[in-house]
Amino acid sequence: MPDFLKDKKRYYTPVEYVLDKIGGLYKMPILWRVKDKPWRFSELKKSIDRASDRMLSKTLKELVSDGFVAKEIIPEVPVKTVYSITEKGQRSIAIITVLRDYGFELMKEDNIEHND
């Protein structure tokens, strides 16, 4: 497969490209959470407490920029910002589900107990 450039970054495979878009520590956990309902930043922060505010904000900006998540600012007092999944983001859930299920299989094989 020939390599390609996107936004001045070189990719060698489509898998590398998709993992850049939805991979990393926080992108899949965010997508998994917003798949069913919109979440506020503070709710995501509480749910993914290992993420710093800066890192969570950066990751959300990337997901919004790439079209996986929508950001809506609701003009109330105080202002409310919510993040929800887009159609493009919803398509990524099938991939995340396969990876999640495979992760559970590997954990079982390695005798690692887990809570769903």
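Cut-off values and rules
- Residues numbered from 1 in each chain as written.
- Predicted model: local features only at pLDDT ≥ 70, side-chain atom pairs only at ≥ 80, totals over all residues.
- Heavy atoms only, no water.
- Helix = DSSP H or I, 4+ residues; strand = E, 2+ residues; numbered from the N terminus.
- Contact = heavy atoms within 4.5 Å.
- Pairing = 2+ DSSP bridges.
- Salt bridge = Lys/Arg side-chain N within 4 Å of Asp/Glu carboxyl O.
- Buried < 20%, exposed > 50% of the residue type's maximum accessible area, 1.4 Å probe, protein only.

**Q** I keep staring at the side chain of Ser-92 and nothing clicks. Help me out?
**A** Locating Ser-92 in the fold gives a position in helix α5 (residues 87-109). Ignoring anything within four residues of it in the chain, the contact list for Ser-92 reads Ile-22, Leu-31 and Phe-68.

**Q** Explain the pairing of strand β4 (residues 69-74) to me, please; I cannot follow it from the model alone.
**A** The two faces of a sheet get side chains in turn, since along a regular strand they alternate between them. Bridge count for β4 against strand β5 (residues 80-85) is 6 bridges, and the pairing is antiparallel. Its bridge partner being in β5, Lys-71 is matched across the sheet by Tyr-83. Connecting β4 to the antiparallel partner β5 that follows it, the hairpin turn spans 5 residues.

**Q** Help me understand the pattern of salt bridges in this model?
**A** Two side chains of opposite charge can pair, provided their charged atoms sit close to one another. Inspection of every chain in the model, using the stated rule, returns 7 salt bridges. Residues Lys-6 and Asp-7 are paired through a salt bridge, measuring 3.9 Å at the closest nitrogen-oxygen approach. Here Lys-27 makes a salt bridge to Glu-62, at a shortest N to O gap of 3.0 Å. Of this pair, Lys-27 sits in helix α2 (residues 27-34) while Glu-62 sits in helix α4 (residues 53-65), and the two are 35 residues apart along the sequence. Classification of Lys-27 by relative accessible area gives buried; the value is 8%. What emerges from the salt-bridge pattern is a single network uniting Lys-27, Lys-58 and Glu-62.

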